[in-house]
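# Coordinates in review
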Amino acid sequence: MGIETLKKELIEYGKLCGEKNFTPGVSGNLSARYGDKILITSSGSANGYLCEDEFSLIDFDGRVVDGNPKASSEKMLHVAFYKMRKDINYIIHVHSPYLCTFASCGKALDEPLMAENIFYFGQIPLAEYGLPSSEDLVQKTARYFDKYDSVLMANHGFITGAATIKEAYLKLELAESYAQVVFNSKLLGGAVMLNQKQIEEIFTLKG
């Protein structure tokens, strides 16, 4: 796939994230694997209003090799994810309201409420707080990438990856809904959890 096509995909799904209020203001960043390079949104860009000149092409050391000279300050987080997971080709990092509510409260999304969430996520772990854009954040978050496609970052946001941009977006959409359901269930006195037998039955559906 050509780099211009990748840009169009990221612009399209960035706009969709903006329309759903998953990426308010200039928060978050998007990227795509491009051979032995990474196409990532530039620093200060707004995911919901991306232009073609708001992308940087970086290598796996985080150096800009083409495009906008100011790559996202979270570029090394994306690099770490791609290095660990050869099956991941797209990454979405956002600060969506319900997911950030749980991240800010220091709570992982690990309650077995709904079959769909168990099937697609198992659980969404919470990485310890690290200063945004720091190596500390990268190390604390990357430790989950080997087993999980989606991770909450304490007092920060949410990151997810997938083979296609559509799959990555749908994971984000489902995760935000999951967080909202957990939040709402607590307002109603607490959800009825699925038991271990029911959880194991859900996992058998993966074939």
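Conventions adopted
- Residues numbered from 1 in each chain as written.
- Predicted model: local features only at pLDDT ≥ 70, side-chain atom pairs only at ≥ 80, totals over all residues.
- Heavy atoms only, no water.
- Helix = DSSP H or I, 4+ residues; strand = E, 2+ residues; numbered from the N terminus.
- Buried < 20%, exposed > 50% of the residue type's maximum accessible area, 1.4 Å probe, protein only.
- Lys, Arg positive; Asp, Glu negative; His and termini not counted.
- Salt bridge = Lys/Arg side-chain N within 4 Å of Asp/Glu carboxyl O.
- Contact = heavy atoms within 4.5 Å.
- Phe/Tyr/Trp six-rings, centres within 6.5 Å; stacked < 30°, edge-to-face > 60°.
- Lys NZ or Arg CZ within 6 Å of the ring centre and 35° of its normal.
- Polar contact = N/O pair within 3.5 Å; in protein donor to acceptor, adjacent residues only side chain to side chain.
- Pairing = 2+ DSSP bridges.
- Axes fitted to C-alpha atoms, helices over the stretch in contact; angles between N-to-C directions.
- Patch = residues over 30% accessible without salt bridge, like charges linked within 9 Å, V, L, I, M, F, W, Y side chains within 5 Å.
- Areas by Shrake-Rupley, 256 points an atom, 1.4 Å probe, with all protein chains shown as cover.
- UniProt positions renumbered as here; feature names shortened; annotations may be inferred.

Once that is clear, we can look at the side chain of Glu9. Considering the arrangement of structural elements, one finds Glu9 in helix H1 (residues 3-19). It is Lys166 that comes nearest to the buried, bridge-free Glu9 among opposite-charge side chains, at 11 Å. Discounting residues that sit within four places of it in the chain, Glu9 has contacts with Met1, Tyr90 and Ile165.

Right, let's get into the pattern of salt bridges. According to the stated counting rule, one finds 11 salt bridges in the structure shown. Taking the shortest distance from any N to any O, the salt bridge between Arg85 and Asp149 comes out at 2.5 Å. Taken together, the residues Arg85 in the loop between helix H2 (75-84) and strand S5 (90-94) and Asp149 in the loop between helix H5 (135-142) and strand S7 (150-153) connect sequence positions 64 residues apart. Given a relative accessible area of 25%, Asp149 falls into the partly exposed group. Lys197 is the salt-bridge partner of Glu201, the closest N and O atoms lying 2.6 Å from each other.

Tallied over the full model, the rule gives 7 aromatic pairs. For the ring pair Phe121 and Tyr178, a centre distance of 6.4 Å and an interplane angle of 15 degrees mean the geometry is stacked. In this pair, Phe121 sits in helix H4 (residues 115-121) while Tyr178 sits in helix H6 (residues 165-187), placing the two residues 57 residues apart along the sequence. Its relative accessible area of 2% is what places Tyr178 among the buried residues. Among the aromatic residues, those joined into a ring-pair cluster are Tyr13, Phe22 and Tyr169. The ring of Tyr144 is capped by Arg143, whose NZ or CZ atom sits 4.9 Å from the centre of that ring. The ring of Phe119 carries the charged tip of Lys206 above its face, separated from the ring centre by 4.4 Å.

Examined against the element boundaries, Asp87 turns out to sit in the loop between H2 and S5. Relative accessible area serves as the criterion here: at 42%, Asp87 is assigned to the partly exposed category. Spatially, the C-alpha atom of Asp87 lies 20 Å from that of Leu152, the residues being 65 residues apart in sequence. Excluding residues that lie within four positions of it along the chain, Asp87 makes contacts with Ala162 and Ala163. At 2.9 Å, the side chain of Asp87 forms a polar contact with the side chain of Arg85.

To continue, consider the sheet that holds S5. Across the sheet, which stays open at both edges, the 8 strands sit in the order S4-S3-S2-S1-S5-S8-S7-S6 with mixed pairing between neighbours. On the outer flanks of this sheet lie strand S4 (64-67) and strand S6 (126-127), each paired with one strand and no other. Summarising the sheet, strand S3 (residues 55-58) and S4 pair through 3 bridges and their orientation is antiparallel. The partner of Ile58 across the bridge, within S4, is Val64. Across the sheet, H1 lies against strand S1 (29-34), strand S2 (37-41), S3 and S5, angled at about 155 degrees from S1, the strand it touches most. This element, H2, spans S1, S2, S3, S5, S7 and strand S8 (157-162) of the sheet and lies at about 40 degrees to S1.

We now examine a nonpolar patch on the surface. Judged by side-chain polarity, Phe183, Leu187 and Leu188 come together as a nonpolar surface patch covering roughly 360 Å² of accessible area. Looking at the element boundaries, Leu188 is found in the loop between H6 and helix H7 (196-204).

Cross-referencing UniProt, the feature "domain: Class II aldolase/adducin N-terminal" (unreviewed entry) maps to residues 8-183 in the present numbering. In residues 8-183, the share of helix is 36% and the share of strand is 20%. The end C-alpha atoms are 34 Å apart.

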